[in-house]
Structures are given as structure tokens and as C-alpha cells.
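An overview of the molecular structure
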There are 2 protein chains.
Amino acid sequence: MRYLTGFGLGTGEERVAGHSGRFLVGADEVVVLADSRYTIQVRREAPGARVFEAYGDLAGRWEELVGSVGARRVGVESGFVSRALWDALAAAAPSVELVPVEGWVEVDRAVKEPSEVERIAAACAVADRSLAALLPEIRPGATEAEFALRLEWLIRTGGAEALAFDVACLSGPEAALPHGSPGDRSVLAGAVLLFDFGAQVEGYRSDMTRTLFVGEPSARDLEVYELVARSQRAAVTMLEDAVHGGGELPSGRSVDAVARAVIVDAGHGDQFGHGTGHGIGLATHEAPSLGKSAVGTPLPSPTVFSVEPGVYLEGETGVRIEDLVFLDAAAGRVELLTRFPRDVVVVGHEGVGA
Amino acid sequence: MRYLTGFGLGTGEERVAGHSGRFLVGADEVVVLADSRYTIQVRREAPGARVFEAYGDLAGRWEELVGSVGARRVGVESGFVSRALWDALAAAAPSVELVPVEGWVEVDRAVKEPSEVERIAAACAVADRSLAALLPEIRPGATEAEFALRLEWLIRTGGAEALAFDVACLSGPEAALPHGSPGDRSVLAGAVLLFDFGAQVEGYRSDMTRTLFVGEPSARDLEVYELVARSQRAAVTMLEDAVHGGGELPSGRSVDAVARAVIVDAGHGDQFGHGTGHGIGLATHEAPSLGKSAVGTPLPSPTVFSVEPGVYLEGETGVRIEDLVFLDAAAGRVELLTRFPRDVVVVGHEGVGA
């Protein structure tokens, strides 16, 4: 919606927006649907589009809408339009042919323009600064939720228009939940403290995970950390070799395989359950995918994606290190957009900041 | 998902959760799908459910999943399942019959249990306190975005686990955008300042709008305010009369008609483009609906919904007053759960707080 029209809804707002924000791209114009709550916003954010007032009765006006752009066949994003709405549109205007399409916009979005990369990099810079500002405040005893809220505050008053997603802050055994939520649990001394967070700048997002050590790291935690760091370096090195070698780019599947092999070889393959990475831009997760079941075709370029291996020992500890990689084969560039140190960082000691 | 299983995703998280959180209710058990990122969370939040590991290949395991609960016909929420997924499931297991269903869960959710009303009331109390705490800080010159962020901070450190939705804070002519976003615009003196916001407590949400006056109100703004307040009172009085009269409850459509008539009679019908209210609970907007196209059948009971008439003069000003009403016909109760004053409130004057 935002990529093709300029009009954007807030996170979760599509649940209350009804048909507002749906759009139709014709040969000569873009039409954006809006009810009275959104007409002024659509005119402002999508000045090149025609506004079509649409309420709950979209089916009743479907034939009129399609006819107004001079079309009889409409490609419909079948991964986003519900079965019920599809059936209602089909029944309302049998003369309009609905053609299921998937992935058209996603393919375009995976290839990033310079202005898009700049915004992602700006979001990464906000995230880098925010975590650096939080470090001196981290002490055992305060709760995960308190640090998550504090980091969010730093991000949102530090140059971001919004979070990319809710801040994850997980201490010790909780870090074994790859998608856990910060709770009223006190941050433990002598354990890991995992932050997974992102900023949003002009619609574009960052995503970074750092696993810090609160007080003296245990030998086990350090061992897991070094393993995950080696896995991440293996993936980045492979990308650098491919770009500088000038041959075909690797597939998302093969990057995942290289990162995964390091962890499997160390006997922790079963504790790395998710994929190695994902594209990012207007959405936190978009194409390309870097995982076991990703496509075997070469990565797009220029593009931006995360590299984020992790090892999760249930009930014990968890480590993930996540950075965003900007890949531009034609320019020979492989660049980490997230700059916060990837070394072992110990916090919560007297006199220890970063 | 949360209502039937206990497992919940964060706002917007369904975009990255894949099939995790989808669920199947059989005669004897509830099955919740999860990939490795979510299995621990599902076991914790939905302890009575069986976890079924599901990744991108749901269609490939669909027959096995349905067979495991002993079913051959499955009612599928056709308003939430995409056309593409529906087709993939249908093709993967022709022997499993998919039956489109809509609104089953919504009807149950519209009727609130006491524990649900308690949580909504708790969220309303957090919202009331948060706005009261903000009042003395409001001065012309600071921006809408600053007050929105400050109110959010008060809500999230004042007893809420999250916002119900992004805080709207709109000054002067911006208040004419019923769904506008706070911007870097300075709050104006001698103009309205509209806050639309809600808190979330144990999954349940509040929703309240207050239109304040920064400095001396203009005669026009006061006139619009009194009109909207009269419209809201007309709707609440109608509900009280119906409940205390002991007859049939009014429909959502007839409550809307009563509130709307006040505004139409004053010549502002075209400037009240949205419905009068909506049910609320785990979602900000749920059944029942109170609008021109709402059903003509009596409201459910006990239930909770908003009453929020508004008048929007584009480019000039906007006023909306929104409260949550708890309606329990059997107990003879019509109660406003949001308690912040509905009178004209002037802020930003020397020595003027609430």
C-alpha cells in the first residue's frame, strides 16, 4: 500500500481501517479507497491518486470501481485478500475477472533504491545510538520490561518516528525464547541479556539483536556466544567472497547453509530452529528469505537483509547476534548497516559502560 | 486466537508469525500451531492445548493435522484466511471439507463476562489517570507528537501493559482528521486539542477521546463542543431509558440514529461521517457496531461499547467526545467506564490544571 501509493496505515491499524487503504492500479491512474476518516490523509499522502469513497459495501460498488479505471481483468493479491471478500467481489460483478497474483510487489521491494537504503541506514544509526545510551544504565535487579521501555523511549526520542516492532529484552534462561516478550522478571547477574529491537525512519526499518553479559560471563555462555559469532562471520565472509569474486550471488538458502553448518558442527544444530535472515524495508520481514526452505536462486541486488544465527538452550540460556547487511553486487559492496560492537560486551559492573 | 486458546501475538506480530498462533478446535482438544520461535510461549499461555509444529508448509501437513483431531469437515474463518491459503489447503487434502464461517467467535465476544468488564474498567482507569496527570504539562508551543509520547509514557508506566492503539493528539484544524496522526506541529493557543487514546490491561482495552481547549475557547469551538456533548448525552439517555424501562434493548442502528439526529438538526450532519460507536474488548473495534449500517436487532447484553459522536470542520476545527458504556440489561445498569470529566476543560493557562 505505502510502496505503491504513498498512503500508509499504522501498525495494526488495518484491523480498524475497513477497506480504507486498499487500492487499484489501472493503466492510467491509481485509485485509493478511503472512508471519511481517511480521505484527508489519503489526499495528503497519495497526492497523485484518485480517492474512491468506500465503506463496508465494497462489493456493491466493485463493478463501478473497476469500470472507472477501464478494466475488466483485475489481478488481486490472493495472499492478503480473504476468502470471504474474494467471494463477495466475484459474486457482485461476474463480468469482472479476478486473477490471483502473489509476490509481484514483493519482488520489486526486495531490490532497494538508494533512498530506501539511506532510510534503513538512518534507522540503524538510531538503534546503535539508543543501545549505546542504555548501556551505562543496565544493572542487575531492574526488570526486563523496564529496560525494554527505556530503550523504546531512547529510540523514539532519538530520531525514530516509531519502533519497527516491540523491543525484546530477555534475561538468562528467557533468552532461549527467540520471540519472547520482556516481563517483570529481574535481570540476572552472571547471565546474558538479549535485546532484539528496531527503529523506523520515514517508513523504513532496522533490526538488530545484541546479547550482552551482565557481570562476569559464565564459560558456557561465552562458548555459545563465540559459536554464534563464528556462524555469523562465516555467512558475511561468504557474501564478501561472492561479491568480490564477481561471480553469481549465492542464494538465501546457501547463505543459511553456511551459517548453519558452523552451529551443526558444534553439535547445536537442533538449538538453531529459525532461519538465518530476512529482507527488511517498509516491513520488518520481507524478501529475500535466508533459510533452509528459501529459494535456490541468487539473492537480489542491491538489497538489505539480516544475518542472525542463534543458539537456544531451553531453560538455560540463549544467544543471537543480528546485523543488517547491505549487498550491492554491481558496486562490489557488502556493508553492515548496524554498527554497534559485536564483541563480548559486559555491562552492570562498577565502572563498566560499553 | 487469544479468546479461544489463551495464546496471543503482539500488535502487528501476525505479519511475522507465519502460521504460528493459528489453531484448530476439535471435539476433544484445541491444537495451536507454532514454529520453533513460539513453541515455549504457546505451552505457557495455552497450557491446555496441544502444540503442532508448523512452518511454511502448512498445506503439506493439513491432512495430518485435521486427521489428528478426528475431523473431516472444518469450519474456517473465511474473513481472516486468505484466498491463497484457502486454495492451498483445499488442494492439499481434497477429502477434508472446508466450510466458510464468519462471525461465530465475534458473537460470543460481544457478550462480556464480569472478568472481562473488570479488565476493561481497569484499562479505563489507567487512561483517566494518565490524561489527568498530563493536563498540567500542556502548554502552547510544544508539539502534538511530544504530548502524544508523554501521554503514552504515563499510560505504560501507570498500570497498562501496552497502548490499545497509537495515541492521537491533534491540535486546531488537525482535529478535523478523525484518524490523524500527531505531528511535529506546535499545539496552538485558542484552539482545540484532541486526544484519542486507550490502555491495555491483561489483554483488554479502553478507548476514550477528549477534546480540550488550550487557552480561551472560541465561540465557534464552544458551540461545536456543546453540540457534540448533547449528541452523546442523547444516546446515553436513550440507553438508560431502555434499560430502566425493561423493554427490548435498542439496536446499534437506532442508538446511532438518536445521536446523529442531534447533529443533523444543527445542520452538521455532513460533518459527522463515522459511526457513533463500536464494541471493545480484546480488540479495539469489535461487535456490536453502532452506525447507520449496523444491524437492526437489539444490542447484546452484558456488553461494552463506545459512544463517540464528532463534528469535523475541515481546515478549521474538530470535536469528538468518546466514552465507554457498560450495558447490562438484566442488572439494570448503564455505566460509563471512562470517568474523565466530559465538561469543557481549559488547559495551558497560567494556574489552570484540570
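Residues numbered from 1 in each chain as written. Chains lettered and ligands numbered in written order. Predicted model: local features only at pLDDT ≥ 70, side-chain atom pairs only at ≥ 80, totals over all residues. Heavy atoms only, no water.

**Some points on the overall build of chain A**
Counting its regular elements, chain A contains nine helices and 19 strands. Here the C-alpha atoms of chain A give a radius of gyration of 23 Å, agreeing with the 20 Å that 2.2 N^0.38 yields for 354 residues. Out of the 354 residues in chain A, the part that is buried amounts to 52%. When contacts within chain A are restricted to residue pairs at least 6 apart in sequence, long-range pairs at least 24 apart make up 63% of them. Element-wise, carbon and sulfur atoms account for 52% of the exposed surface of chain A, whose accessible area totals about 14,600 Å². (Helix = DSSP H or I, 4+ residues; strand = E, 2+ residues; numbered from the N terminus. Rg over C-alpha atoms; globule rule 2.2 N^0.38 Å. Buried < 20%, exposed > 50% of the residue type's maximum accessible area, 1.4 Å probe, protein only. Contact = heavy atoms within 4.5 Å. Areas by Shrake-Rupley, 256 points an atom, 1.4 Å probe, with all protein chains shown as cover.)

**A closer look at the interface of chain A and chain B**
Tallying the contact residues gives 38 residues for chain A and 38 residues for chain B. For the pair chain A and chain B, the summed buried surface comes to about 3,500 Å²; carbon and sulfur atoms form 58% of the total. A per-residue breakdown of the area chain A buries against chain B is headed by A:Arg37, A:Arg83 and A:His179, which together make up 20% of the total. Summed over the shared surface of chain A and chain B, the number is six salt bridges. (Buried area = accessible area lost by both parts, 1.4 Å probe. Salt bridge = Lys/Arg side-chain N within 4 Å of Asp/Glu carboxyl O.)

**Describing the pattern of salt bridges**
Residue and element names in this part refer to chain A. For the coordinates displayed, the defined rule picks out 48 salt bridges over all chains. Taking the shortest distance from any N to any O, the salt bridge between Arg50 and Glu29 comes out at 2.8 Å. With a gap of 21 residues between them, Arg50 in strand E3 (residues 50-53) and Glu29 in the loop between strand E1 (23-25) and strand E2 (30-34) connect regions that are remote in the sequence. A relative accessible area of 28% places Arg50 in the partly exposed class. Residue classification places Glu29 among the partly exposed residues on the basis of a relative accessible area of 26%. Measuring nitrogen to oxygen at the nearest pair gives 2.8 Å for the salt bridge that ties Lys112 to Glu286. Taken together, the residues span a long stretch of sequence, with Lys112 in the loop between helix H5 (104-110) and helix H6 (114-134) and Glu286 in strand E13 (residues 286-290) at a distance of 174 residues. For Lys112, a relative accessible area of 3% puts it in the buried group.

**Details of the domain arrangement of chain A**
Taken domain by domain, chain A holds domain 1 (2-102) and domain 2 (110-347). In this structure, domain 1 of chain A and domain 2 of chain A have C-alpha centres spaced 36 Å apart. (Domains from an automatic or database assignment.)

**Overview of the side chain of B:Thr303**
Residue and element names in this part refer to chain B. Locating Thr303 in the fold gives a position in strand E14 (residues 303-307). On the basis of relative accessibility, which here comes to 0%, the residue Thr303 falls in the buried class. A distance of 2.7 Å separates a polar atom in the side chain of Thr303 from the backbone oxygen of Ala110. Every residue in contact with Thr303, bar those within four places of it in the chain, is listed here: Ala110, Lys112, Pro288, Val325, Phe326 and Leu327. (Polar contact = N/O pair within 3.5 Å; in protein donor to acceptor, adjacent residues only side chain to side chain.)

**Side note on the state of the cysteines**
Residue and element names in this part refer to chain A. Tallying each qualifying case throughout the model produces zero disulfides over all chains. For the unlinked cysteine Cys169, the closest cysteine sulfur is that of Cys124, found at 20 Å. For Cys169, a relative accessible area of 0% corresponds to the buried category. (Disulfide = S-S within 2.5 Å.)

**Quick notes on the sheet that holds strand E2 (residues 30-34) of chain B**
Residues and elements named next belong to chain B. The sheet built from three strands is open, its strands ordered E1-E2-E3 with mixed pairing. Here the strands that pair on one side only, and so sit at the sheet edges, are strand E1 (23-25) and strand E3 (50-53). The sheet shows a mean angle of 25° between the axes of neighbouring strands, direction not considered. By the bridge criterion, four bridges tie E2 to E3 in an arrangement that is parallel. When the bridges of E3 are listed, Leu33 appears paired with Phe52. (Pairing = 2+ DSSP bridges. Axes fitted to C-alpha atoms, helices over the stretch in contact; angles between N-to-C directions.)

**Notes on the sheet that holds strand E8 (residues 191-197) of chain B**
Residue and element names in this part refer to chain B. Pairing is mixed across the open sheet formed by four strands, whose spatial order is E7-E8-E11-E19. Unpaired on one side and paired on the other, strand E7 (168-171) and strand E19 (346-347) mark the two borders of the sheet. Here seven bridges tie E8 to strand E11 (residues 208-214), and the two strands are oriented antiparallel to one another. Counterpart to Leu194 in the pairing with E11 is Thr211. Docked against the sheet, helix H7 (residues 144-156) engages E7 and E8, running at close to 150° with respect to E7. This element, helix H8 (residues 219-245), spans E8 and E11 of the sheet and lies at about 155° to E11.

**Description of the relation of the copies chain A and chain B**
Screw-axis analysis of chain A against chain B gives a translation of 0.0 Å along the axis, an RMSD of 0.0 Å, and a rotation angle of 180°. With respect to symmetry, the two chain copies, as superposed, fit the operation of a two-fold axis. The share of interface residues of chain A whose copies in chain B are also at the interface is 100%, consistent with both copies meeting through the same surface. (Least-squares fit on C-alpha atoms with pLDDT ≥ 70 in both.)

**Quick notes on helix H6 (residues 114-134) of chain B**
For H6(B), with 21 residues, the first-to-last C-alpha span of 30 Å sits near the 30 Å given by 1.5 Å per residue. Listing the buried residues of H6(B) in full gives B:Glu116, B:Val117, B:Ile120, B:Ala123, B:Cys124, B:Val126, B:Ala127, B:Asp128, B:Ser130, B:Leu131 and B:Leu134. (Expected span 1.5 Å × (residues − 1).)

**A look at the packing of aromatic side chains**
This model, assessed by the stated rule, comprises five aromatic pairs over all chains. Looking at B:Arg260, its charged tip hangs above the ring of B:Phe272, at a distance of 4.1 Å from the centre. (Phe/Tyr/Trp six-rings, centres within 6.5 Å; stacked < 30°, edge-to-face > 60°. Lys NZ or Arg CZ within 6 Å of the ring centre and 35° of its normal.)

**Points about the packing of helix H8 (residues 219-245) of chain A against helix H9 (residues 252-265) of chain A**
All names here are of chain A. Running from N to C, H8 and H9 point in directions that differ by 150°, and their axes come no closer than 8 Å. As summarised for this structure, H8 and H9 are arranged roughly antiparallel, according to the angle between their axes. In the crossing of H8 with H9, the sense of the turn from one axis to the other is right-handed. Along its contact with H8, which presents Leu227, Arg230, Ser231, Ala234, Ala235, Met238 and Leu239, the element H9 presents Ser254, Val255, Val258, Ala259, Val262 and Ile263. (Parallel < 35°, antiparallel > 145°, perpendicular 65-115°, else oblique. Left-handed = near helix turned anticlockwise from the far one by under 90°.)

**Details of the environment of A:Lys292**
Residue and element names in this part refer to chain A. Along the chain, the position of Lys292 falls in the loop between E13 and strand E14 (303-307). Considered as a pair, Lys292 and Arg260 are 32 residues apart in the sequence and their alpha carbons are 9.1 Å apart. With residues up to four places along the chain from it excluded, the contact list for Lys292 reads Arg253, Asp256 and Arg260.

**Details of the side chain of B:Ser78**
In this fold, B:Ser78 is placed in the loop between strand E4 (73-77) and helix H4 (83-92). Leaving out residues up to four positions away in the same chain, B:Ser78 has contacts with A:Ser82, A:Arg83, A:Ala84, B:Trp86, B:Pro100, B:Val101 and B:Glu102.

**Things to note about H7(B)**
In this model, H7(B) (13 residues) spans 18 Å end to end at C-alpha, consistent with the 18 Å of a helix rising 1.5 Å per residue. Every buried residue belonging to H7(B) is among B:Glu144, B:Phe147, B:Ala148, B:Leu149, B:Leu151, B:Glu152, B:Leu154 and B:Ile155, and all of these are buried.

**Considering the pairing of E11(B)**
Side chains on a regular strand alternate between the two faces of the sheet. Residue and element names in this part refer to chain B. In terms of burial, E11 is a largely internal element, seven of the seven residues being buried. Here E11 shows two buried faces, one formed by Met208, Arg210, Leu212 and Val214 and the other by Thr209, Thr211 and Phe213. One ladder, built from two bridges, connects E11 with E19; its direction is parallel. In the sheet register, Phe213 faces E19, and the bridge partner there is Val346.

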